[in-house]
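Read off the chains here:
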Amino acid sequence: MSHVFPRSMKSSPPRAVRGEGCYLYDDTGKAYFDGSGGAAVSCLGHGDPDVIAAVQKQVQSLAFAHTGFFTSEPAEELADLLISKAPGDLDRVYLVSGGSEATEAAIKLARQYYIEIGQPQRRHVIARRQSYHGNTLGALAAGGNAWRRAQFAPLLIDVSHIAPCYEYVDRHDGESAYDYGQRAAQELEDEILRLGPDTVMAFMAEPVVGATMGAVPAVEGYYRRIREICDTYGVLLILDEVMCGMGRTGHLFACEADEIAPDILCIAKGLGAGYQPIGAMLCTRQIYEALENGSGFFQHGHTYLGHPVAAAAAAAVFKKLDSQNLVSRAAMMGEKLHTALVERFGQHPFIGDIRGRGMFQGLEIVADRETKTPFDPDRKVSARFKTAAFEAGLVCYPMAGTRDGKYGDHVLLAPPFIMEDEQVTEITDKLAQALATATG
Ligand code: PMP
């Protein structure tokens with residue numbers, strides 16, 4: 001028996017020993033197609049020689065230098081690369097070790113920004129129901145997933161939650177997608193007015209919702225309206241692209257498709273592609289300068305900020321995405337995957353919706369397509385789906401719906417961008433097998 005503290009004490013997962021391309025192998029030699037890139041992490045697949053070489057080179061020359069004393073070349077290079085392609089006025093990059101650290105830092109930066117510019121009464125964060133922003137207490141408070149929050153509720157800061165933009169579930173019959181988006185966005189303005197506009201500091205949302213909804217983008221116009229509302233009331237827009245950023249949606253940054261730019265952007269996962277743990281928070285020059293001209297420091301920090309080896313890995317990932325046109329490839333292969341999913345499951349009695357952007361696709365599993373009724377949570381369809389897919393040699397990311405029946409089970413797919421045509425069929429075949437077992 002190992003002394004590792006596992007994710008779940010109810011299961012004993014196989015031991016992964018090797019990764020190559022789109023596949024992971026366990027210690028019995030069984031191959032698994034990495035159809036979710038873990039959790040939208042492994043965008044380059046496994047064993048990428050260029051990233052490995054960059055990590056090896058960096059660890060030999062400089063493994064670590066604390067940012068309390070030094071900057072480092074890889075951190076500077078990575079920040080410059082990110083800013084060279086970042087949307088809007090994003091100008092500074094704060095390098096952390098993962099997604100929750102990025103979103104947590106974003107909340108604290110928003111708060112400090114308003115203190116620095118003399119508006120300390122701004123302390124409210126608004127986020128959305130059925131969202132996930134991480135598991136540290138601030139990030140968990142911003143997240144709107146009832147199950148993840150439940151037992152920690154007494155420890156969480158007070159965050160308001162408005163409805164997500166979830167066309168499949170919330171658009172009324174006869175309502176256009178655009179009108180629905182405007183109605184959903186209106187909830188933000190209503191909530192700002194309810195709280196008092198001069199008390200709200202930030203609105204946080206995922207452009208394409210990952211873990212809690214299964215690759216759900218907003219409808220056309222929603223985010224433009226959100227941006228307008230934030231600007232009207234001086235509320236900072238924090239976009240969480242921890243899952244959907246770094247090319248995953250077929251755009252380097254997911255918000256490009258929504259034609260907006262945030263004040264603060266959080267990325268992680270695909271940034272290091274799994275070769276190193278790394279995340280980043282990008283902020284505008286205006287926010288940065290408020291701190292620079294004010295107290296002169298951000299009252300935050302972790303030991304591993306700007307870790308040289310992690311930054312070197314991420315810089316190598318970034319350069320690979322760029323030199324091999326892998327973001328365009330994600331758009332192109334994502335289109336093929338989406339088409340194959342629609343062909344295979346578009347009329348399936350238990351698949352209610354197939355959506356997503358690029359290599360970020362989701363399937364909504366329902367008991368009844370006509371009424372969009374989810375399966376009874378006690379049937380544990382998503383858990384059974386995960387097990388059945390895994391047995392068939394497919395890693396995918398199924399998530400249970402909510403107990404109130406509002407949101408159903410879904411499966412998230414986020415394969416490596418290097419996936420080949422024949423692997424599209426491998427995914428759909430294995431999904432079909434898992435779906436039959438899980439709903440049988
Ligand atoms: N934000 C989003 C949108 C995420 O999907 C996740 C992780 N699933 C996080 C934040 C937290 O990232 P991490 O697990 O790296 O802390």
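Going by an unreviewed UniProt entry, the protein chain carries the name Adenosylmethionine-8-amino-7-oxononanoate aminotransferase and comes from Actibacterium pelagium. Its UniProt record gives the protein chain the following Cofactor (unreviewed entry) comment, quoted word for word: "pyridoxal 5'-phosphate". Of the comments in the UniProt record for the protein chain, the one headed Sequence similarities (unreviewed entry) reads "Belongs to the class-III pyridoxal-phosphate-dependent aminotransferase family."

### Some remarks on the domain arrangement of the protein chain
Domain boundaries assigned for the protein chain yield domain 1 (16–47 + 325–439) and domain 2 (52–323). Secondary structure elements with two or more residues in the side of domain 1 that touches domain 2: helix 1 (37–40), helix 12 (326–345), strand 13 (351–357), strand 14 (360–365) and strand 17 (409–413). Considering only residue class, the side of domain 1 that touches domain 2 consists of 18 nonpolar, 10 polar and 4 charged.

### Observations regarding helix 3 (residues 73–85)
Counted at 1.5 Å a residue, the expected span for helix 3 with its 13 residues is 18 Å, and the 19 Å between its end C-alpha atoms agrees. Among the residues of helix 3, P74, A75, L78, A79 and L82 are the ones counted as buried. Along the long axis of helix 3, the arc covered by the buried residues comes to 130°, so they all point the same way. In helix 3, the exposed positions angled more than 90 degrees off the buried face are occupied by D80 and S84. The elements touched by buried residues of helix 3 are helix 2 (49–61), strand 4 (90–96), strand 12 (279–284) and helix 11 (308–323).

### Observations regarding the pairing of strand 3 (residues 31–34)
Pairing between strand 2 (residues 23–26) and strand 3: 3 bridges, direction antiparallel. Looking across to strand 3, one finds that Y23 is bridged to F33. Between the end of strand 2 and the start of strand 3, which pair antiparallel, lie 4 residues, with G29 showing a positive phi angle near 95°. In this structure, strand 3 lies alongside strand 15 (residues 394–395), joined through 2 bridges in parallel fashion. Considered in strand 15, the bridge of D34 is made with V395.

### What about the site of the ligand?
In the neighbourhood of the ligand, 15 residues make up the surrounding shell, with G98, G99, S100, G134 and V242 lying closest. Here the shell around the ligand takes 3 residues from helix 4 (residues 99–116), the largest share from any one element. For the shell around the ligand, the residue count by class is 6 nonpolar, 7 polar and 2 charged.

### Section: the sheet that holds strand 16 (residues 397–399)
Across the sheet, which stays open at both edges, the 4 strands sit in the order 13-14-17-16 with antiparallel pairing between neighbours. Unpaired on one side and paired on the other, strand 13 and strand 16 mark the two borders of the sheet. Sheet twist, expressed as the average angle between the axes of neighbouring strands with direction ignored, equals 20°. Pairing between strand 13 and strand 14: 6 bridges, direction antiparallel. The residue of strand 14 that forms the bridge with R357 is F360. Packing of helix 12 onto the sheet brings it into contact with strand 13, strand 14 and strand 17, and relative to strand 13 it is tilted by some 175°.

Calculation rules
Residues numbered from 1 in each chain as written. Predicted model: local features only at pLDDT ≥ 70, side-chain atom pairs only at ≥ 80, totals over all residues. UniProt positions renumbered as here; feature names shortened; annotations may be inferred. Domains from an automatic or database assignment. Helix = DSSP H or I, 4+ residues; strand = E, 2+ residues; numbered from the N terminus. Nonpolar A, V, L, I, M, F, W, Y, C, P; charged D, E, K, R; others polar. Expected span 1.5 Å × (residues − 1). Buried ≥ 20, exposed ≤ 12 C-beta atoms within 10 Å, placed from the backbone. Arc of directions from axis to C-beta. Contact = placed C-beta atoms within 7 Å. Pairing = 2+ DSSP bridges. Near = placed C-beta within 6 Å. Axes fitted to C-alpha atoms, helices over the stretch in contact; angles between N-to-C directions.

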